[in-house]
Amino acid sequence: MLIDFEQIHFNFGIKTKGVLHVGAHHGQEYHNYKRQGVENIAFFEPVASHFNIMKKNITDENVKMFQVALGSEEKTTDIYISDFLGENAESFKGQSSSLLKPKKHLEQYQDIPFNETEQVKVVTLNSLLGVDIDPEKYDFLNIDVQGYELEVLRGASEILPTINAVYTEINRDELYEGCPMVEELDEYLSTFGFVRKLTDWSGRTWGDALYLRG
């Protein structure tokens, strides 16, 4: 999910000092963040092969990278790893991976099968605060976790009060088993003072949304 921080700043007056990017894949957003002047970047990617590619691609010592998934509780669980049957398969493989079992995603995207799983570690963002993450350096949360968004947010309750913006995937159909609908994210984030300001349903049954403090 490429984010135009300049446009967000122009439209809403939000200037970003640091991004927590959950579901980093290969770290493709790194150059976009640097180009737009983001000083502090932390990537979270649980799948070993994707994390290793990210580590190879990003040599910036100031970027924090964590080989974990984020959720609402600490555990070890399986992640369903997506494949891709089209061109540039290696680049797109894994972008639809989720801790939730795929459901209607299999019907909507028949060129994206899920043929393997991998055990991954899940931690809460709260558990990393003050140890690996300085909350004063980050004010933007970008969540790209294929239906696991609400669990990430529930485990980030201690940092949400200092976050200015949340950019996340949203759903209005059950692409993954048990995934929350957009109204559930609206309700949870509203308890921290966030309002959905931008909504893009380019994926038809899924999309992206920007939440800002009301």
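So, on to the overall build of the chain. Within the chain one finds seven helices and ten strands. In terms of C-alpha radius of gyration, the chain reaches 16 Å, essentially the compact-globule figure of 17 Å for 214 residues. The dimensions of the chain, computed from C-alpha atoms along their principal axes, are 40 × 40 × 35 Å. Taken across its 214 residues, the chain has 52% of its residues classed as buried. Pairs at least 24 apart in sequence give 67% of the contacts found in the chain among residues at least 6 apart. For the chain, the computed accessible surface area is about 10,400 Å², with 45% contributed by carbon and sulfur atoms.

Centre distance and the angle of the planes are the two values used to describe a pair of aromatic rings. This structure, assessed with the given rule, holds five aromatic pairs. For the ring pair Y33 and F43, a centre distance of 6.1 Å and an interplane angle of 25 degrees mean the geometry is stacked. Pair noted here: Y33 is in helix α2 (residues 30-35) and F43 is in strand β2 (residues 40-44), with a separation of ten residues, a long-range link. Each member of the pair, Y33 as well as F43, carries the same accessibility label: buried.

Bringing the sheet that holds strand β4 (residues 69-70) into the picture now. A sheet is described by the order of its strands in space; here three strands give the open sequence β4-β6-β5, paired in mixed fashion. The open sheet is flanked by β4 and β5 (75-82), the only strands paired with a single partner. For β4 and strand β6 (residues 114-123), the ladder comprises two bridges, and the chain directions are parallel. Bridge pairing in β6 places A69 opposite V122.

Structurally, I143 is set in strand β7 (residues 140-143). According to the relative accessible area criterion, I143 is buried, its value standing at 0%. Expressed as a C-alpha distance, the spacing of I143 and L85, which sit 58 residues apart in the sequence, is 25 Å.

Time to look at the pattern of salt bridges. Counting across every chain of the model gives seven salt bridges. Between K93 and E116 there is a salt bridge, and its shortest N-O distance comes to 3.4 Å. With K93 in the loop between α4 (89-92) and α5 (105-108) and E116 in strand β6, the pair connects residues that are 23 residues apart, well separated along the chain. Judged by its relative accessible area of 38%, E116 falls in the partly exposed class. Across the pair E174 and K103 runs a salt bridge, and its minimum N-O distance is 2.8 Å. One end of the pair, E174, is in the loop between β8 (165-171) and α7 (182-190); the other, K103, is in the loop between α4 and α5, with 71 residues separating them in the sequence. K103 sits in the partly exposed class, given a relative accessible area of 37%.

Moving on: the pairing of β7. Burial along β7 is two-sided: the residues F140 and N142 and L141 and I143 are all buried. Bridging between strand β1 (residues 18-22) and β7 involves four bridges; their strand directions are parallel. Directly across from H21, in β7, lies its bridge partner N142. The pairing of β7 with β8 spans four bridges and is classified as parallel. Within the sheet, the bridge partner assigned to F140 lies in β8 and is A165. Note that the unit made of β7, helix α6 (residues 149-154) and β8 has a crossover that is right-handed.

The subject of this paragraph is α7. Buried within α7 we find V182, L185, Y188 and L189. Buried residues along α7 cover an arc of 125 degrees about the axis, so they all sit on one side. In this structure, α7 carries E183 and E187 as exposed residues pointing more than 90 degrees from its buried face.

About the criteria used
Residues numbered from 1 in each chain as written. Predicted model: local features only at pLDDT ≥ 70, side-chain atom pairs only at ≥ 80, totals over all residues. Heavy atoms only, no water. Helix = DSSP H or I, 4+ residues; strand = E, 2+ residues; numbered from the N terminus. Rg over C-alpha atoms; globule rule 2.2 N^0.38 Å. Buried < 20%, exposed > 50% of the residue type's maximum accessible area, 1.4 Å probe, protein only. Contact = heavy atoms within 4.5 Å. Areas by Shrake-Rupley, 256 points an atom, 1.4 Å probe, with all protein chains shown as cover. Phe/Tyr/Trp six-rings, centres within 6.5 Å; stacked < 30°, edge-to-face > 60°. Pairing = 2+ DSSP bridges. Salt bridge = Lys/Arg side-chain N within 4 Å of Asp/Glu carboxyl O. Right-handed = clockwise from strand over helix to strand, strands pointing away. Arc of directions from axis to C-beta.

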